[in-house]
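Structure assessment
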Amino acid sequence: MVSSALLYTIFIALTGLERLIEVRVSNRNAAWSFEQGGIERGKGHYPFMVVLHTGFLFGAVAEVWLLDTVFSPMWGWVWLSIALICQGLRWWCIQTLGKRWNTRVILVPNLPRVQKGPYRFLSHPNYVIVALEGLALPLIHSAYWTALIFTTLNAGLMWVRIRCEEAALQELCSVSPEDNV
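In this structure, the largest pocket spans a volume of roughly 1,100 Å³. Lining the largest pocket are 46 residues, and of these Met-49, Trp-101, Asn-102, Thr-103 and Asn-126 lie nearest its centre. Those elements that provide at least two residues to the lining of the largest pocket are α1 (4–35), α2 (46–66), α3 (73–97), β2 (105–107), α4 (125–139) and α5 (144–172). If one sorts the elements of the lining of the largest pocket by residue count, α2 sits on top with nine residues.

Pasting the structure below:
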């Protein structure tokens, strides 16, 4: 019989592969943005974000194996469902932003701020999703320490990131009511 820790490790590895696909999409979109005259902001916090998000996946797996955490079917399936919903919501954000989405803060001057899809409801829906996923992924297999540490560090990062993004949007984006459709 395959252990729950091994199944969890495979699931997190698949999540890591999905993140690599996101990086590929991000790099392609960043190149497009730069070709359109895009300007990057927040370069200083970006390496920390990469390390935090990479370490998060490794930390969740390490905690499960090193602390021999237990898979609780009642909560594990709930958190797995939430994690899968987060994946769908993340790709909704990516699809809504199209070529303008990337993992860095790169904006093309004078393009209108996107206010459709999930951006109709929240200014930064992807960050809400990341925060929820930061709890869900480790809690699938009772990796409480990873959930706590990532959530705490990510909150600080998001405080910096959202301020950076908002300042860049204010400076570089035009306001256009027709983009609200």
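Let us keep going from here.
On the surface, Val-2, Leu-6, Leu-7, Ile-10, Leu-14, Leu-17, Leu-20 and Trp-65 cluster together to form a nonpolar patch covering roughly 780 Å² of accessible area. Sort the elements by how many residues they give to the nonpolar patch and α1 lands first, with six residues. Trp-65 gets classed as partly exposed once you look at its relative accessible area, which sits at 45%.

Our focus in this paragraph is α3. In this model α3 runs 36 Å from its N-terminal to its C-terminal C-alpha over 25 residues, within 8% of the 36 Å that 1.5 Å per residue would give. Residues Gly-76, Trp-79, Leu-80, Ala-83, Cys-86, Gln-87, Arg-90, Cys-93, Ile-94, Thr-96 and Leu-97 constitute the buried set of α3. Where α3 is buried, its residues contact α1 and α4. Remark: Gly-98 follows α3 within two positions and exhibits a positive phi of approximately 60 degrees.

Another aspect to go through is the pattern of salt bridges. For the coordinates displayed, the defined rule picks out eight salt bridges. With its nearest N and O atoms 2.1 Å apart, the salt bridge here joins Glu-133 to Arg-90. Of this pair, Glu-133 sits in helix α4 while Arg-90 sits in helix α3; the two residues are 43 residues apart in sequence, bridging distant segments of the chain. Neither residue differs from the other here; Glu-133 and Arg-90 are each classed as buried. For the salt bridge of Arg-161 with Glu-165, the shortest nitrogen-to-oxygen distance reads 3.6 Å. One end of the pair is Arg-161 and the other is Glu-165, both in helix α5 and four residues apart, which spans about a single turn. In the salt-bridge network here, residues are joined through shared partners; they are Glu-18, Arg-19, Glu-22, Arg-90 and Glu-133.

You can see Arg-19 is positioned in helix α1. Among residues more than four places away in sequence, those in contact with Arg-19 are Leu-57, Gln-87, Arg-90, Glu-133 and Leu-137.

Okay, the state of the cysteines next. Within the structure shown, the criterion is met by zero disulfides. Unpaired in terms of disulfides, Cys-164 finds its nearest cysteine sulfur in Cys-173, a separation of 12 Å. Looking at Cys-164, the relative accessible area reads 16%, which means it is buried.

Looking at the element boundaries, Leu-6 is found in helix α1. On the accessibility criterion, Leu-6 (37% relative accessible area) is partly exposed.

Our focus in this paragraph is the nonpolar core. Membership of the largest hydrophobic core comes to 24 residues, with the highest contact counts inside it found for Tyr-8, Ile-12, Leu-137 and Ile-140. For this core, the secondary-structure elements that each account for two or more residues are α1, α2, α3, α4 and α5. Take this core: its biggest share by element is seven residues, from α2. Each residue touching Tyr-8, except ones within four places of it in the same chain, is listed here: Ala-60, Val-61, Val-64, Leu-137, Pro-138, Ile-140 and His-141. The next biggest cluster of nonpolar side chains, apart from the first, holds nine residues, and it includes Val-25, Cys-93, Ile-94 and Trp-101.

With a phi angle near 75 degrees, Asn-110 is a residue other than glycine that sits in the positive phi range. The topology assignment puts Asn-110 in the loop between β2 and α4. Of note in the backbone geometry, Ser-142 takes a positive phi value of approximately 60 degrees without being a glycine. Relative to the helices and strands, Ser-142 is located in the loop between α4 and α5.

How each quantity is defined
- Residues take numbers from 1 onward in each chain, read along the sequence in its written order.
- A pLDDT threshold of at least 70 governs which residues receive local features in this predicted model, and a stricter bar of 80 or more applies before side-chain atom pairs are shown or counted, although totals over entire chains, interfaces and linings include all residues.
- For the side-chain quantities, the full set of heavy atoms in the structure was used; hydrogens and water were omitted.
- With a 1 Å grid spanning the protein atoms alone, the term cavity applies to any set of points in which a 1.4 Å probe fits but cannot get out, the term pocket to an open set with protein on both sides within 12 Å along at least five of seven lines, and the term lining residue to any residue with an atom within 4 Å of a point.
- Grid points are joined across faces, edges and corners, and a volume is the space filled by probe spheres set on the points.
- The secondary structure listing takes helices from DSSP runs of H or I that are at least 4 residues long and strands from runs of E that are at least 2 residues long, numbered from the N terminus.
- The residues that make up patches have over 30% relative accessible area and no salt bridge, and they are joined within 9 Å when like-charged or within 5 Å when they are Val, Leu, Ile, Met, Phe, Trp or Tyr.
- Every accessible area reported is derived by Shrake-Rupley at a probe size of 1.4 Å, with residue values counting cover from the shown protein chains alone.
- Salt bridge criterion: a side-chain nitrogen from Lys or Arg within 4 Å of a carboxyl oxygen from Asp or Glu.
- Partly exposed residues are those whose accessible area sits between 20% and 50% of the maximum for their type, while under 20% is buried and over 50% is exposed, using a 1.4 Å probe and protein chains only.
- Each residue after the first adds 1.5 Å to the expected span of a helix.
- Residues count as neighbours in contact if any of their non-hydrogen atoms are within 4.5 Å of one another.
- Put simply, a disulfide is two cysteine sulfurs that come within 2.5 Å.
- Side-chain atoms within 4.5 Å link the members of a nonpolar core, which is a set of buried Ala, Val, Leu, Ile, Met, Phe, Trp, Tyr and Cys residues.

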